[in-house]
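# An overview of the molecular structure
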Number of protein chains: 2
Amino acid sequence: MDTRELTELAQQLRVDSVRVADRAGSGHPTSSMSAADLMAVLLANHLRYDFDHPDHPGNDRMIFSKGHASPLLYSMYLAAGAIDEDEFLTYRTHGSRLEGHPTPRLPWVDVATGSLGQGLPIAVGMALADQRLDHTSDRMWVLCGDSEMAEGSIWEAAEHAGNQHLDDLTLIIDVNRLGQRGPTRHQRDLDAYGRRLRAFDWHTVEIDGHDVDAVERAFKDAESTAGKPTAIIAGTRKGRGVHAVEDREGMHGKPLKDAEEAIEELGGRRSIRVSVAPPPAAPEEAAPRPRPLALPRYEIGGTVPTRDAFGEALTALGHAYENVVVLDGEVGDSTRAEYFAKEHPQRYFECYIAEQQMVAAAVGMQALGRVPYAVTFAAFLTRAHDFLRMAAVSRASLNVVGSHAGVSIGEDGPSQMGVEDLAMFRAIHGSTVLQPCDANQTARLVAATHDLEGIRYLRTMRGGTPVIYGPDEEFPIGGSKILRQSDADRVTLIGTGVTVHECLAAADTLAQQGIAARVIDMYSLKPVDENTLSAAAEDTDCLVTVEDHHPQGGLGDAVAETFADGRPAPRRLVRLAVKTMPGSATGEEQRRAAGIDAESIGAGVRLLVEKIIR
Amino acid sequence: MDTRELTELAQQLRVDSVRVADRAGSGHPTSSMSAADLMAVLLANHLRYDFDHPDHPGNDRMIFSKGHASPLLYSMYLAAGAIDEDEFLTYRTHGSRLEGHPTPRLPWVDVATGSLGQGLPIAVGMALADQRLDHTSDRMWVLCGDSEMAEGSIWEAAEHAGNQHLDDLTLIIDVNRLGQRGPTRHQRDLDAYGRRLRAFDWHTVEIDGHDVDAVERAFKDAESTAGKPTAIIAGTRKGRGVHAVEDREGMHGKPLKDAEEAIEELGGRRSIRVSVAPPPAAPEEAAPRPRPLALPRYEIGGTVPTRDAFGEALTALGHAYENVVVLDGEVGDSTRAEYFAKEHPQRYFECYIAEQQMVAAAVGMQALGRVPYAVTFAAFLTRAHDFLRMAAVSRASLNVVGSHAGVSIGEDGPSQMGVEDLAMFRAIHGSTVLQPCDANQTARLVAATHDLEGIRYLRTMRGGTPVIYGPDEEFPIGGSKILRQSDADRVTLIGTGVTVHECLAAADTLAQQGIAARVIDMYSLKPVDENTLSAAAEDTDCLVTVEDHHPQGGLGDAVAETFADGRPAPRRLVRLAVKTMPGSATGEEQRRAAGIDAESIGAGVRLLVEKIIR
């Protein structure tokens, strides 16, 4: 399109943004209007996209990191003919795909946005996978607001993109000066963004974002720049085109007072239809057939850390499936993700100490069909909580592995201990949460995660634990293992991970004291094996959960929930967990101090059994 | 100290780091050795600190952001005479104050570190409070590793510090080239850090970190630089001084193989004692006496959003207590934190969209005696999860307020909905978790939070709710309110926040249908009112929890835990919560879709009551 046509298209996008927010009675028309010229040029002259085939490997990727500008995005879809006027008008209503912030309920939206500062790091993940593995010629276009440039995750992404020369990536910053509550930190100082990004090894172009010719030149510049990602830093005016709201404070996130007048001021409704350029034809590549999976096998009776078994199983998974990619937070030697790196260096992505970027990159890569495993210490995954929460909204399928679980890590102390991770992951929508207690179980569970949907979390341990299962034992998701059982059971001990072994030791001592205890290995924490728990409640009427985690949100709660959803509860349910603030000590001392070791379990059970008898 | 003395002191710090890690059998001597010259110069010639009075307002603040270099920190304490040799040798043993990573169990440690990238943002909070409120002449010295420069939180802090001209802040980057698993991204490229920080408006000095004269000059330069924070970017060698480990990969986080030989190579043990310069005498300022607290009062029967009442109560709190400070994540107009800003602009800190920095600044400010309220959308607090977790390890006392709770926010959709926040905050060690359902209750709870210990979380709502309590009603922490009660109660409905009102409406309908329902307002989610719950279980044998939150970790689990810790359980405990992925819709439609509205509650109860009768 030429200058005049682009200007007209931009006005149409503004008009449609105004009227759809007006119709909905909420939304962000002014944040849409500032970026309308930028997006008109992108849609008409640069985006290559087949709306009928959103999975086309040659498609460009367009991410609205400023997800609140959804009226603009949907106006673009309308102009491209991807949606019709009827659907357009369902914006923000119950059941509509056109949500307040875009989600993959729309097939052209790869990832959900709306929590600011996420679009760029996700696009970096896409561009990394593309550069290293897919080698297609598609481009990643990210539209950011100026306010979200304050998020640290943007700078993790900027660092990655510059350092890795991601020249398929273009960041468009809509510097409209006004955030939600008033002026942004840098207001109209385009160079504030420019000099920061240049310091991070980006190519930058500073332009008037309402000059469609300048925008056109900037996009061409981005397309022709090799070896560096490009940032188009566009000075714009929020609410551009409507005097009553343009560049005014207090106009964020609300429909215009007089939409009809505004539409008139913008030149009225138009019905320009854009023929978006299709992606270059891509050869139909059949997905490589998986090779046989040769999981590591461990001898019963040995002592192996589950993190080691994870690293070995992950490596085997990499041999079987070409789609497996691994992301490290600069602790691959400790988590054992590095085992994978040694055999599959092309599919191993070092994210350095930037957990948000690590998880965001995983989200981006799964959107392109990869099966990512993002791996760091369980404790440090809390850094990426918002990205994990949003990954669920993105309907993402990815694996997250947290090592160094619990107080059992020992001397390093509480900063390194994952004792909130189960609570975090269980509360994420549609998640699966697993914690193996031995090496063969770990290998089997790693294999199982490959084909699951949603966010899968696997929790591994630093120290060695005895191998108690044979290598051919099966561990269905949502199952559990009964390790001790008799007709005389008077109590059920339920462990997960390291505490399974503490429960076993406690059961042995109790047996010597004439108290038969059932022992359950609850390796699947979400979903949890409700039938086995119910049977144990019925048989023993006394359940004790033991976990190396805080008392909230973990194993104890998973078990309590079983009986809080209608199943007959046992007479006693006692939850042993880490209730004190740990310091430095050996793993054994830590478990003793927390009251989750065999001795504490035994003492507790004796007290309980006596109480129940009396 | 002069060059020779400084060099000797640095060698002593190395020797002591080596021997203490050797004694412990774990720890990070090599990461300590790289920074020994830097810290020798700081301790001997620049730090002003009274180890006998760690609360002295004139004390400098020294934060080891690279907390794993604790052997170096403790060696400095030993050299300063703050700890003796006997205690020094307890490093990393059970019960010792000298943990693997420093925590405030030591009186000279203001905040815990060990999760990298946190020290600088916390120091920014201290420097902000100092610049704006305290006006003392103390300096903040932060020692960072090079690996942690990859964390986005570092760049949120860099942005803040540069933009706010925090010239009392000095960042010392120990660029020792090697991270945990190998070379860092930028290895020896000091300018990679330098040009980034300069772009963020810092003054930078690049030096050889083993040249004590250069270090001395750099510190002087930092002290004399006005209007900008200074970064001393020091090229160093990990394991410096011991050939077997110096600048070698694979030597991270482990004691030296031959400590005795290493100590000999370093010139043997020394016993230099450093007289650390005292801070300038500060006038004993009596803390200002609180003025009477005039909380807002609301008429029963009105409709007021709890976020509004929060903003008004917070403002009142600001009038009563000079120590209250408020931190905003650029959403103060929505959270109503802005009400406080209007009356107390000096104590209101705009953190822009940088939630990690917001919470870190709160941690820093509470360490200097302030009572911070960090406020943003509940959903976006997940961004700061790692900082909240570490705040508990820091024994920090601070308030966090999350607005826009639950699906009830309506059209904006899932990205903006706090539906995991209760799980996150309940799992934090020593936390208090509160959710008011009306305006007067909100005001009272805000007032109560001021004097609590630990991390206090208050959850507020976007939409208006009816005022059901009088302004003089009291709401003790750990209490609850019984809103409907009779001898004929056959079921207990337990709500929190908006669902209290849904429970009340359901109870009214059920009453018309001949089913008497008790209704409890569970405004305190941690601690929870176990006695009232037990009584309800005994009286009605059937409890239904209703929450605008995911089913894991929130109200339902808090109630289930009560009966999982030994109290006789009710025959039925049913948990209604948000189990589906919401889209856009009105608040009412959202609650209906999630099955947490009055109608769903009523239908569920009728089913339950029939089941129990039959």
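Up top you'll find the structure we're talking about.
The structure reproduced in this document is the subject of the present report. Only a predicted model underlies this, so the values are computations on that prediction, with no experimental measurement involved.

Here is what the cut-offs are and how they apply
Residues numbered from 1 in each chain as written. Chains lettered and ligands numbered in written order. Predicted model: local features only at pLDDT ≥ 70, side-chain atom pairs only at ≥ 80, totals over all residues. Heavy atoms only, no water. Helix = DSSP H or I, 4+ residues; strand = E, 2+ residues; numbered from the N terminus. Buried < 20%, exposed > 50% of the residue type's maximum accessible area, 1.4 Å probe, protein only. Contact = heavy atoms within 4.5 Å. Areas by Shrake-Rupley, 256 points an atom, 1.4 Å probe, with all protein chains shown as cover. Lys, Arg positive; Asp, Glu negative; His and termini not counted. Charge placed at Lys NZ, Arg CZ, Asp CG, Glu CD. Least-squares fit on C-alpha atoms with pLDDT ≥ 70 in both. Buried area = accessible area lost by both parts, 1.4 Å probe. Salt bridge = Lys/Arg side-chain N within 4 Å of Asp/Glu carboxyl O. Polar contact = N/O pair within 3.5 Å; in protein donor to acceptor, adjacent residues only side chain to side chain. Nonpolar A, V, L, I, M, F, W, Y, C, P; charged D, E, K, R; others polar. Pairing = 2+ DSSP bridges. Axes fitted to C-alpha atoms, helices over the stretch in contact; angles between N-to-C directions. Core = buried A, V, L, I, M, F, W, Y, C linked by side-chain atoms within 4.5 Å. Phe/Tyr/Trp six-rings, centres within 6.5 Å; stacked < 30°, edge-to-face > 60°. Lys NZ or Arg CZ within 6 Å of the ring centre and 35° of its normal. Parallel < 35°, antiparallel > 145°, perpendicular 65-115°, else oblique. Left-handed = near helix turned anticlockwise from the far one by under 90°.

## Notes on the overall build of chain A
Assigned secondary structure in chain A consists of 22 helices and 19 strands. Seen along its three principal axes, the alpha-carbon backbone of chain A occupies a region of about 90 × 50 × 45 Å. When each of the 614 residues of chain A is scored for burial, the buried share is 69%. When contacts within chain A are restricted to residue pairs at least 6 apart in sequence, those whose partners lie at least 24 apart make up 78%. Summed over its atoms, the accessible surface of chain A is roughly 19100 Å², and 47% of this surface lies on carbon and sulfur atoms. A distance of 3 Å separates the average location of the 62 positive side-chain charges in chain A from that of its 89 negative side-chain charges.

## Things to note about the relation of the copies chain A and chain B
Once chain A is rotated about the relating axis by 180° and shifted along it by 0.0 Å, it coincides with chain B to within an RMSD of 0.0 Å. The operation mapping one copy onto its partner corresponds to a two-fold rotation axis. For chain A, the minimum C-alpha distance to the rotation axis belongs to Gly152 of chain A and amounts to 1.8 Å. Counting the interface residues of chain A, we find that 100% of their copies in chain B are interface residues as well, pointing to one common contact surface.

## A look at the interface of chain A and chain B
Listed as interface residues are 101 residues of chain A and, on the opposing side, 101 residues of chain B. Interface area for chain A against chain B, summed over the two sides, is near 8500 Å², with a carbon-plus-sulfur share of 47%. The three residues of chain A that bury the most area against chain B are Arg181, Arg185 and Arg383 of chain A, which together make up 10% of that side's buried surface. Where chain A touches chain B, the interface holds 20 salt bridges. Taken together, the links from chain A to chain B amount to 59 residue pairs in polar contact (both at pLDDT 80 or more). Counted by class, the side of chain A that touches chain B contains 32 nonpolar, 36 polar and 33 charged residues.

## Side note on the sheet that holds strand E9 (residues 371-377) of chain A
All names here are of chain A. Taken together, the 7 strands give an open sheet; going across it, the order is E8-E7-E9-E10-E12-E11-E17, and neighbouring strands pair in mixed fashion. Strands at the two margins of the open sheet, each flanked by one partner only, are strand E8 (348-350) and strand E17 (524-526). Averaged over neighbouring strand pairs, the angle between their axes works out to 20° when direction is ignored. Strand direction decides the pairing type here: strand E10 (residues 398-403) and strand E12 (residues 455-459), joined by 5 bridges, are parallel. When the sheet's bridge partners are listed, Val401 is paired in E12 with Leu458. Its contacts with the sheet put helix H17 (residues 439-449) on E9, E10, strand E11 (432-434) and E12, and the angle it makes with E12 is roughly 170°.

## Examining the nonpolar core
Nonpolar side chains in soluble globular proteins tend to end up buried together. Among the nonpolar cores identified, the biggest contains 156 residues, and Leu169 of chain A together with Leu169 of chain B are the most heavily contacted of them. The residues touching Leu169 of chain A, leaving out its near neighbours within four places in the chain, are Leu120, Ala123, Val124, Ala127, Arg139, Met140, Val142, Ala161, Trp202, Pro229 and Thr230 of chain A.

## A few points about the pattern of salt bridges
Applying the stated criterion across every chain, the model contains 95 salt bridges over all chains. Across the pair Asp557 of chain A and Arg575 of chain A runs a salt bridge whose closest N-O atoms are separated by 3.1 Å. With Asp557 of chain A in helix H20 (residues 555-563) and Arg575 of chain A in strand E19 (residues 572-576), the pair connects residues that are 18 residues apart, well separated along the chain. For Asp557 of chain A, a relative accessible area of 1% corresponds to the buried category. The class of Arg575 of chain A is buried, set by a relative accessible area of 4%. Where salt bridges share partners, they join Glu159 and Asp201 of chain A together with Arg185, Asp191, Arg195, Arg196, Arg198 and Glu206 of chain B into one cluster.

## Here's the deal with the pairing of strand E18 (residues 542-546) of chain B
All names here are of chain B. Here E18 lies mainly inside the structure; 5 of its 5 residues are buried. Sheet analysis places strand E15 (residues 491-495) next to E18, joined by 4 bridges and oriented parallel. When the sheet's bridge partners are listed, Gly495 is paired in E18 with Val546. Direction of pairing for E18 relative to strand E19 (residues 572-576): parallel, over a ladder of 5 bridges. By the bridge assignment for E19, Leu543 is matched with Leu573.

## Structural notes on the packing of aromatic side chains
Under the criterion given, the structure shown has 27 aromatic pairs over all chains. On the numbers, 5.9 Å between centres and 65° between planes, the contact of Phe51 of chain B with Trp108 of chain B is edge-to-face. In this pair, Phe51 of chain B sits in the loop between helix H3 (36-46) and strand E1 (61-64) while Trp108 of chain B sits in the loop between helix H5 (85-88) and helix H6 (119-134), placing the two residues 57 residues apart along the sequence. Pair check on accessibility: Phe51 of chain B and Trp108 of chain B agree, each one buried. Grouped by ring-pair contacts, the aromatic residues Tyr49, Phe51, Tyr74, Tyr77, Tyr91 and Trp108 of chain A constitute a single cluster. Looking at Lys481 of chain A, its charged tip hangs above the ring of Phe475 of chain A, at a distance of 5.2 Å from the centre.

## Thoughts on the sheet that holds strand E8 (residues 348-350) of chain B
Residues and elements named next belong to chain B. The 7 strands lie next to each other as E8-E7-E9-E10-E12-E11-E17, forming an open sheet whose pairing is mixed. In this open sheet, the two edge strands, each paired with only one partner strand, are E8 and strand E17 (524-526). Ignoring which end each strand starts from, the neighbouring axes of this sheet average 20° apart. The pairing of strand E9 (residues 371-377) with strand E10 (residues 398-403) spans 5 bridges and is parallel. Paired with Tyr373 across the two strands is Asn399, which belongs to E10. In this fold H6 packs onto strand E7 (324-328) and E8, with an angle of close to 135° to the strand it touches most, E8.

## Regarding the packing of helix H1 (residues 3-24) of chain B against H3 of chain B
All names here are of chain B. Running from amino to carboxyl end, H1 crosses H3 at an angle of 120°, the nearest separation of the two axes being 8 Å. Considered as vectors, H1 and H3 are oriented oblique to each other. As H1 packs across H3, the resulting crossing turns out to be right-handed. Residues Leu6, Leu9, Ala10, Leu13 and Arg14 of H1 touch H3, and the partners they reach there are Ala36, Asp37, Met39, Ala40, Val41, Ala44 and Asn45. When its residues are assigned to classes, the contact of H1 with H3 shows 9 nonpolar, 1 polar and 2 charged.

Geometric descriptors of this kind do not, in isolation, establish any biological role.
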